[in-house]
Protein chains: 4
Amino acid sequence: MRKDELKQAAIRVFARRGYHAAKVSEIVAEAGVAQGTFYLYFPSKQALFGEILDDYLSLITGAVAGWDLTRVESLEQLRQDLKQVAFLLTQGMLRNQELTRIFFHEALAVDPVFNRHIAQFYDQVVALIGVVNRHCIAKGIYRPIDSDVLAQCVVGLIERVVVQYVVNSRVTEEESRRIVQEVIDLVLFGAAGTQVPAR
Amino acid sequence: MRKDELKQAAIRVFARRGYHAAKVSEIVAEAGVAQGTFYLYFPSKQALFGEILDDYLSLITGAVAGWDLTRVESLEQLRQDLKQVAFLLTQGMLRNQELTRIFFHEALAVDPVFNRHIAQFYDQVVALIGVVNRHCIAKGIYRPIDSDVLAQCVVGLIERVVVQYVVNSRVTEEESRRIVQEVIDLVLFGAAGTQVPAR
Amino acid sequence: MRKDELKQAAIRVFARRGYHAAKVSEIVAEAGVAQGTFYLYFPSKQALFGEILDDYLSLITGAVAGWDLTRVESLEQLRQDLKQVAFLLTQGMLRNQELTRIFFHEALAVDPVFNRHIAQFYDQVVALIGVVNRHCIAKGIYRPIDSDVLAQCVVGLIERVVVQYVVNSRVTEEESRRIVQEVIDLVLFGAAGTQVPAR
Amino acid sequence: MRKDELKQAAIRVFARRGYHAAKVSEIVAEAGVAQGTFYLYFPSKQALFGEILDDYLSLITGAVAGWDLTRVESLEQLRQDLKQVAFLLTQGMLRNQELTRIFFHEALAVDPVFNRHIAQFYDQVVALIGVVNRHCIAKGIYRPIDSDVLAQCVVGLIERVVVQYVVNSRVTEEESRRIVQEVIDLVLFGAAGTQVPAR
DNA sequence: TATGAATGAGTATTCATTCAT
DNA sequence: AATGAATGAATACTCATTCAT
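Residues numbered from 1 in each chain as written. Chains lettered and ligands numbered in written order. Predicted model: local features only at pLDDT ≥ 70, side-chain atom pairs only at ≥ 80, totals over all residues. Heavy atoms only, no water.

1. Quick notes on the interface of chain C and chain D
In this assembly, 44 residues from chain C lie in contact with 44 residues from chain D. Summed over both sides, the interface between chain C and chain D buries roughly 3800 Å², with carbon and sulfur atoms accounting for 57% of that surface. One can count four salt bridges joining chain C with chain D. The residue Glu159 of chain C makes a salt bridge to Arg160 of chain D at a minimum N-O spacing of 3.2 Å. (Contact = heavy atoms within 4.5 Å. Buried area = accessible area lost by both parts, 1.4 Å probe. Salt bridge = Lys/Arg side-chain N within 4 Å of Asp/Glu carboxyl O.)

This is the structure we're talking about:
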């Protein structure tokens, strides 16, 4: 579909130029259509960005939807499940590196309207992780800990690891598995932890 | 000094509008000088941003400079020292919230030239933390762990906690102490860790 | 006929938006046909306007065609005949208010090519009235008077009365009869005239 | 002043091209300034037109301001005074032919916002003339006549005479005096009037 | 005939930067 | 040093027109 071709072209241009330096003329050239065609499908450059952003947030949400980590009963089970979730998430990002790059580099600097949108997304994610955290604390899997701070930490640590290994380094899916494991064990057992079970 | 007044004015404008929406005319109005005066002190709007960015990176660097966490010999000592470093860092950011906001929201979307600059900064920070990590591993304070992944995680988790509590929520310095402690203990002992010493 | 449907739709759109603000897309939407269909019947938006303009000029011309006011012999006869002509004319305009509105509001601002067209139309009308005037002067019905100036005056006074009462106020045909009588008596006897016969 | 130079340039361009065909680039070229300079003095092309329109309406208003035709006591006095007013008015229009052309050709087709503006102006003029008319009727200078219709007629007849002789033919001031006299006598005594006094 | 997606030339407006004073 | 009027390159968006189906 023309609309999708334009979106894909825009993703490539946004990824290499950044939102503000990306000209509509470059996007249409990349898509191989005329300038006017752009406006058949998007009312403005900003609206196009909004759609791309929504698509990405849906992608991320979709990658972890359906999971219910509050059903886990043991540390070991949690460890396994987290690995699954994290891998799926990482995979989604690895397969959409340009989108991921745009999200982490540009999204906050496009327009305040998107900032609110993104803040809501983060709030949802943090809330979701918070639920898991409180469940684990209740089950005695986690020690008593501020579940909100923990949630923020988890999000932040995923973010940077993603930016570094997905956006910048572009690791293989193979390598990403090992990193995911390291990260999960860090969250669960800490750097000074001694009782880390074998994988 | 006029130059500094302009820089301070620019920080306020960048913080509330974002780099791209900030007009030079608004910056000079904020500073109370004429349009032409701007160019007596800065060759361009982008150069001004570069200076502001450098100032911020220096601020951050300065907050942790002088510290040598590779001299620590025990877990407990590390825990104390980390707290010191982290608090100093957090304090610096809390006292420069606008700068911090600009750094995390705008810096990556201004121009590729700054992206490389920022990447180098992150590399340095990660390298620094990596040194500490390897030291701790050698001393047996940390279990064997990928020191680079750990370093990335630490950076990311600091980032998000800062963005959330410093940029968005604007916590008090008092509250920030508690959060810092939580974060450090998470890194050291994990969420599932059981042998966390009393503070 | 499709062509006529498009023309009627265009008249409505021109009347409410004005020529320049009227989009071809709105005209076809109003007519309920596809964009391309427009160009099956009209080579351009401007050509369509030209046709509409010609239709209107024909309408006006038709309303007074066939009349030969140079056959009148007396003031009273002239007065009667003028009333007839004027009423027919007014009626035509009242029944085509949108066209009348377009003519007086837009026609001169569309394109120089139409300006010449319209100027010719006015010249013809003035010439026609001039003939009547000279006839009446010769017959002694009119006093010696500059027949061209009189012709211009008659046209102008019709114009404004039409714009005011037809385009703006939309009077009834009933009311228009009285106004027509007033106007004719003004032209014939003036405001200061004392020997105005009963109607 | 730069603003005035731009306005004068715009008047010339509007007069020869019409509002819609007039490009800002042509206006600034005519004024001999850069494109951006335009926007130092006018927020938009439309606002510029608005100012020009206002200037013209003020010019017209100013030409007849100060006159109080309700103080006249006799027909002959009225006839003299009308001649004065009309000549002043005509003179103002003759000396601003481009403005006059713009007003009669373009003003109604620029934007609805100006249409309302112009309608108000006409209403005021008609009201003003209506006052005179009622005064003359009361004094017995005029026969009983619909003063509103008369007012509309006077305005319309001035309009067309102006368009024809000022905008199109560009008569001399000398010639205009004679025409003014003819027009006034037409209004006062009509074409069929016999008791027209010598001038 | 009819469609409607595609075209691309055209233009008002913005704003970083310059420079005469 | 300071001013602020002037500059002009840059660009998103519109809409009359075309044409393959």
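Following the structure, the description resumes.
2. Quick look at the packing of helix H6 (residues 97-105) of chain A against helix H8 (residues 147-168) of chain A
All names here are of chain A. Relative to each other, H6 and H8 sit at 135 degrees, their axes nearing to 10 Å. Classified by the angle between their axes, H6 and H8 sit oblique to one another. When you trace H6 past H8, the crossing you get is left-handed. Note on element contacts: H8 touches H6 through Glu159, Val162, Val163, Val166 and Val167, opposite Gln97, Thr100, Arg101, Phe104 and His105. Of the residues assigned to the contact of H6 with H8, the class counts are five nonpolar, three polar and two charged. (Axes fitted to C-alpha atoms, helices over the stretch in contact; angles between N-to-C directions. Helix = DSSP H or I, 4+ residues; strand = E, 2+ residues; numbered from the N terminus. Parallel < 35°, antiparallel > 145°, perpendicular 65-115°, else oblique. Left-handed = near helix turned anticlockwise from the far one by under 90°. Nonpolar A, V, L, I, M, F, W, Y, C, P; charged D, E, K, R; others polar.)

3. Some details on the nonpolar core
Where a protein is soluble and globular, its nonpolar side chains tend to be buried together. Ranked by size, the top nonpolar core spans 145 residues in total, and within it Phe14 of chain C together with Phe14 of chain D carry the most contacts. The contacts of Phe14 of chain C, once residues within four sequence positions are left out, are Tyr19, Ala22, Ile27, Lys45, Leu48, Phe49, Ile52 and Ile102 of chain C. (Core = buried A, V, L, I, M, F, W, Y, C linked by side-chain atoms within 4.5 Å. Buried < 20%, exposed > 50% of the residue type's maximum accessible area, 1.4 Å probe, protein only.)

4. Notes on the pattern of salt bridges
By the definition in use, this model includes 67 salt bridges over all chains. Residue Arg95 of chain B pairs with Glu173 of chain B through a salt bridge whose shortest N-O separation is 3.1 Å. Of this pair, Arg95 of chain B sits in the loop between helix H5 (75-94) and helix H6 (97-105) while Glu173 of chain B sits in helix H9 (residues 173-189), and the two are 78 residues apart along the sequence. Residue Arg95 of chain B is classed as exposed on the basis of its relative accessible area of 56%. The class of Glu173 of chain B is partly exposed, set by a relative accessible area of 28%. The closest approach of N and O atoms between Arg79 of chain D and Glu76 of chain D, which form a salt bridge, is 3.7 Å. Pair noted here: Arg79 of chain D and Glu76 of chain D are both in helix H5 (residues 75-94), with a separation of three residues, about one helical turn. On the basis of relative accessibility, which here comes to 2%, the residue Arg79 of chain D falls in the buried class. One network of salt bridges, in which partners are shared, links Arg12, Arg16, Arg17, Glu26 and Glu30 of chain A.

5. Side note on the interface of chain B and chain A
With 44 residues of chain B in contact, the opposing surface of chain A contributes 44 residues. The junction of chain B with chain A conceals about 3700 Å² of combined surface from both sides, 56% of it contributed by carbon and sulfur atoms. At the boundary of chain B and chain A, one finds four salt bridges. Joining chain B to chain A, the criterion identifies 20 residue pairs in polar contact (both at pLDDT 80 or more). Examining the composition of the side of chain B that touches chain A, we find that 13 residues originate from one element, helix H8 (residues 147-168) of chain B, more than from any other. (Polar contact = N/O pair within 3.5 Å; in protein donor to acceptor, adjacent residues only side chain to side chain.)

6. What to know about the protein's contact with DNA strand F
Residues in contact with DNA strand F amount to 32 residues; listed here are only the nearest, Lys23 of chain A, Thr37 and Tyr41 of chain B together with Thr37 and Tyr41 of chain D. Restricting attention to atoms of DNA strand F within 4 Å of the protein, one finds that 65% of them are sugar or phosphate atoms. Between DNA strand F and the protein, one listed contact pairs a base nitrogen with a side-chain N or O atom of Gln35 of chain A at 3.0 Å. Secondary structure elements with two or more residues in the surface near DNA strand F: helix H3 (35-41) of chain A, helix H3 (35-41) of chain B, helix H3 (35-41) of chain C together with helix H3 (35-41) of chain D. By residue class, the composition of the surface near DNA strand F is 14 nonpolar, 12 polar and six charged. (Near = heavy atom within 4 Å.)

7. Considerations on the relation of the copies chain B and chain A
Overlaying chain B with chain A gives an RMSD of 0.2 Å, the required rotation being 180 degrees about an axis along which the chain moves by 0.1 Å. Here the copies are linked by what is in effect a two-fold axis. Scanning chain B for the C-alpha nearest the rotation axis identifies Gly190 of chain B, at a separation of 1.8 Å. Same-surface contact between copies: 100% of interface residues of chain B are shared with the interface of chain A. (Least-squares fit on C-alpha atoms with pLDDT ≥ 70 in both.)

8. Details of the environment of Arg177 of chain A
Residues and elements named next belong to chain A. Tracing the backbone through its elements, the reader meets Arg177 in helix H9 (residues 173-189). Take Arg177: its relative accessible area is 41%, and that puts it in the partly exposed class. Measuring from C-alpha to C-alpha, the distance between Arg177 and Val196 comes to 18 Å, with 19 residues separating the pair along the chain.

9. A short note on the protein's contact with DNA strand E
Around DNA strand E, a shell composed of 31 residues is seen, among which Thr37 and Tyr41 of chain A, Thr37 and Tyr41 of chain C together with Lys23 of chain D lie nearest. Within 4 Å of the protein, the atoms of DNA strand E are drawn from sugar and phosphate moieties in a proportion of 64%. A distance of 2.9 Å separates a phosphate oxygen of DNA strand E from a polar backbone atom of Val24 of chain B. In this structure, Tyr39 of chain B approaches DNA strand E through a side-chain N or O atom, which is 3.1 Å from a phosphate oxygen. Counting residues per element, the ones that place at least two in the surface near DNA strand E are H3 of chain A, H3 of chain B, H3 of chain C together with H3 of chain D. By residue class, the composition of the surface near DNA strand E is 14 nonpolar, 11 polar and six charged.

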